[in-house]
Amino acid sequence: MVEKKKRERPAFNRSIAAAISKHYKDVQTNKPMAYLLMASNPLVEIAYAARIQPAFPENYACACAAGHASAGYCETAEAYNYSPDICSYCRNHLGYIYGPGENPPTGGIGEPDLLLITSSACTHYFKWWDALHEIYGKPLIFINTPRVMEPQSKPDFYMDYAMREIEQAIGEIEKAVGVKITNDKLSEAVKLSGEVVDYWQKLLEMQKAVPCPMDYSDLSNALFVLIVLAGTQEGVDLMRETYNETKQRVNEGKGILSKDEERHRLLWINIPFWYKLGIFGYFEDRGCVFPLSDYTHHIWGTTRMDGSKPIESLARKALEGELNTSVDDQIDKLLKDAKEYHIDGVIAHSNRSCRVLSVGMLDAVDIIREELNIPALVLDCDHTDERVYSDAEIMNRIDAFLEMLA
Amino acid sequence: MALMFAGIDIGSASTKAILMADSQIISYHIIPSGSDFAESSQVALDEALNKSNSAFKDIAGAVTTGYGRYITEINAEAVTEITCAARGASFLCADTKAIVDIGGQDTKVIKIGKGGRVLDFVLNDKCAAGTGRFIERIATSLGLGLDEFAARSVGSMTKLPISSTCTVFAETEVISRISKGESLDGIIRGVHSALAARIYGLAQRLKIQEAVVACGGGALNAGLMKELRDLTGDITLPPTGIDPRLLPAIGAALIATERYALNPVKHSKLSRPGV
């Protein structure tokens, strides 16, 4: 049996954990509060510019899964006629609303004053936000964006349309909360968001180092800063701290594993199993790191934000997110990065909940496997609904994959 | 005298223990796994030892495999049945390019390279409908033994489609068709055909087209093999006299032999309670 090792985690994780804890206190107390979705969402910066506290039900689902509360919440939602075929982020949240229990993870997520949604992520979410509108009766403000098939050649009228949608949403938000969102405030939020993105991009670039300086859990933690704190000075400070420490680790040749221990660099496709993040430690104990994932590298944090052009930057953020682009584009990015990050194996999570990330995934796996001549493993599971996870099956497949790599 | 090595495959349906020396099978024993994997692995190994008139202390090294590979009181090294089945198939049929392993818990398609190295593999998704249990469960619900179930499929001239989405739903469909007075043999063939189609779909994911060996309990089912051959055209069984369920255990014994050769000290301290 391989020995399970206790590894020293980078110190920035403690600062991020404190920020997460503060965020979940803020969503209980700060008013007005709005529910937002996470992916490529220009409404985050707008919310901060309007002094609206954003809360993210998807992120809350991750917290619930990590606390092993999701399965119960999903069951509750199903009892309220939400089918098991609906995304488990959604079922987790609705189940929490209908039956939070005595001690919900993080103390709960609070009731919103406003519901903000964009079409640039998952189409599934409109109905989720519809349900929230039905439950809470609060204003629902929606930004519609056209689907971009080729991000490098999007027609000008796409930008014009997205900018008009954003301007219109700003007007509706001002009306809903009675606060004027000045150009200065919006520019400042976009500028700060841009600084977070710049640090994030440099952080991702550093994952190319051997040994890899961060593990998947560290990067997932930092995602909280990128998404939830986009547009805040707190976010800039935390991302800078994360970047500086990681840079120092790279300069010192310090990795999650030592250079000798790091035997395989794997690509993780799709969202991780939030209730089983320890799985990455299992891989590390066997000499494997994950410097690359579509989830950390491609879905968000890809748009350069310019504080002097806030509306244009926000429109590009909405249009350029990977969930708003074509499967071909996603595969091209994965293939290019797999080469640059020296990937020698693929773990692909065929995610029952996330069809938008799973459609085309098997093609991506085939193409990477054939072009790079590296092995791949597909795991059928779910990002939040722990009932779908079968330890014996998953671990047996992982063990066989590791034997194949050896 | 050549050193003796053991391969113990503790699968969900059956436990197989094999003893090999000088790359030759000395003896083997297969028993149902039951609910106590530690006990079934001991019993299977003891029976194999009895058949070869040898004792536990005569085993130079061992490897355990299968879903119960960690649940044995023998302190042997554990290797997955995917790696072991590939090694076993390559040993028995040197030209093998792939295996279709139809077990009780899952169905695997394994692409094999030189020396029995696993190049790639796929398993059925989370559903009993893709495994040998699918056939076992429907045969049981019809009160038929597996041999008769397979024979009726082979003998049927008709094939009635049965959904393979879910074992329980397929059972319902079978009952519904029987109640409509449809041909039982045609239904049984439809059941075998549904599983074969799922297995074929898996094999297509790895683009496997030639030199495929079938193993696992499913390979003993003539009805399933016939339907698979109809789809693939080229799927064979292990050489005559080798039970197709034994491939992972054979591979385990061979891996034990190789590991002992690399490091005899590390791999010779085999023990179990009371021995």
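Residues numbered from 1 in each chain as written. Chains lettered and ligands numbered in written order. Predicted model: local features only at pLDDT ≥ 70, side-chain atom pairs only at ≥ 80, totals over all residues. Heavy atoms only, no water.

(A) The arrangement of the sheet that holds strand β2 (residues 14–21) of chain B in detail. Residues and elements named next belong to chain B. Pairing is mixed in the open sheet, where five strands are placed in the order β3-β2-β1-β4-β5. The sheet terminates laterally at β3 (24–32) and β5 (77–78), the two strands that pair on one side only. Sheet topology places strand β4 (residues 59–65) next to β5; two bridges connect them, and they run parallel. Bridging across to β5, Thr64 finds its partner in Ala78. (Pairing = 2+ DSSP bridges. Helix = DSSP H or I, 4+ residues; strand = E, 2+ residues; numbered from the N terminus.)

(B) Seen up close, the pattern of salt bridges. All names here are of chain A. Overall, the coordinates contain 51 salt bridges over all chains when judged by the stated rule. Notably, a salt bridge pairs Glu174 with Lys180, separated by 3.7 Å at the nearest N-O pair. Judged by its relative accessible area of 17%, Glu174 falls in the buried class. When its relative accessible area of 57% is taken as the criterion, Lys180 is described as exposed. (Salt bridge = Lys/Arg side-chain N within 4 Å of Asp/Glu carboxyl O. Buried < 20%, exposed > 50% of the residue type's maximum accessible area, 1.4 Å probe, protein only.)

(C) A look at the interface of chain B and chain A. At the junction of the two partners, chain B supplies 21 residues and chain A supplies 25 residues. Contact between chain B and chain A buries roughly 1800 Å² in total, counting both sides, with carbon and sulfur atoms accounting for 48%. Here chain B is connected to chain A by four salt bridges. Between A:Asp366 and B:Lys207 there is a salt bridge, with the nearest N and O atoms lying 3.6 Å from each other. On the surface where chain B and chain A come into contact, there are ten residue pairs in polar contact (both at pLDDT 80 or more). Within the residue set of the side of chain B that touches chain A, elements represented by two or more residues are α2 (81–92) and β8 (118–123) of chain B. Looking at the side of chain B that touches chain A residue by residue, the classes come out as ten nonpolar, three polar and eight charged. (Contact = heavy atoms within 4.5 Å. Buried area = accessible area lost by both parts, 1.4 Å probe. Polar contact = N/O pair within 3.5 Å; in protein donor to acceptor, adjacent residues only side chain to side chain. Nonpolar A, V, L, I, M, F, W, Y, C, P; charged D, E, K, R; others polar.)

(D) Inspection of the sheet that holds strand β7 (residues 107–112) of chain B at higher detail. Residue and element names in this part refer to chain B. If you walk across this open sheet you meet the five strands as β8-β7-β6-β9-β10, and the pairing is mixed. Bordering the open sheet on either side are β8 and β10 (235–236), each of which pairs with just one other strand. Alignment of strand β6 (residues 98–102) against strand β9 (residues 212–215), held across four bridges, turns out to be parallel. Each bridged residue has a counterpart across the sheet, and for Ile99 the counterpart in β9 is Val213. Contacts between helix α6 (residues 184–205) and the sheet are confined to β6, β7 and β8, with β7 contributing the most and set at about 30° to the helix. (Axes fitted to C-alpha atoms, helices over the stretch in contact; angles between N-to-C directions.)

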